[in-house]
Amino acid sequence: MRKDKLKQFKRLFEAQKRNILFNDRVIREDFSVSNDDRYDELDQATSDSEQYMRMRLRNREILYIKKIDEALKRIEEGVFGECDECGEPIEVRRLEARPTATLCVGCKEDAERKEVLTAAGHQHKSLGETFTRKLS
Ligand SMILES: [Zn+2]
């Protein structure tokens, strides 16, 4: 990958990370206000589900930050944009759509196919278990 392109991705990752961390601060400040203001149960319930939604959002963000950190490390190591599986360069268009991608389109499709197969296998196993349990 060309150096200027690489720099562009690095800047993108750093900006995304800053955005997420900034959002996190906003959410927390927002939180302390709403907790003081809420007294009755209905509001408490709303605040609980809001909290739940935010936690889910947070988890996703934490996961994404992890991915960004990994991508930044790959940039440092000079392997950013290379497929984890086959070592071929990942299509730039794919990286622009999904900057944290670590597999080329071909390997990604392979992985997804395997995932489907494994999921089917799991289902089989658990069905078998239920069946055995019913018998015993
Ligand atoms: Zn590949």
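Relevant structure appears above.
Given the structure is predicted, the values throughout are model-derived calculations rather than measurements. (Residues numbered from 1 in each chain as written. Predicted model: local features only at pLDDT ≥ 70, side-chain atom pairs only at ≥ 80, totals over all residues.)

**So, the overall build of the protein chain**
The condition that has to hold: Runs of E in the DSSP output that reach at least two residues are strands. Runs of H or I that reach at least four are helices, and both are numbered from the N terminus. Counts of 20 or more other C-beta atoms within 10 Å of a residue's own C-beta define buried residues, counts of 12 or fewer define exposed ones, and intermediate counts define partly exposed ones; C-beta atoms are placed from the backbone.
A count of helices and strands for the protein chain gives 4 helices and 0 strands. Listing each helix as α and each strand as β along the protein chain from the N terminus yields α-α-α-α. Counting over 136 residues, the protein chain shows a buried share of 6%.

**Comments concerning the environment of K66**
Position of K66 among the secondary structure elements: in helix α2 (residues 41-77). With 11 C-beta atoms packed within 10 Å, K66 lands in the exposed category.

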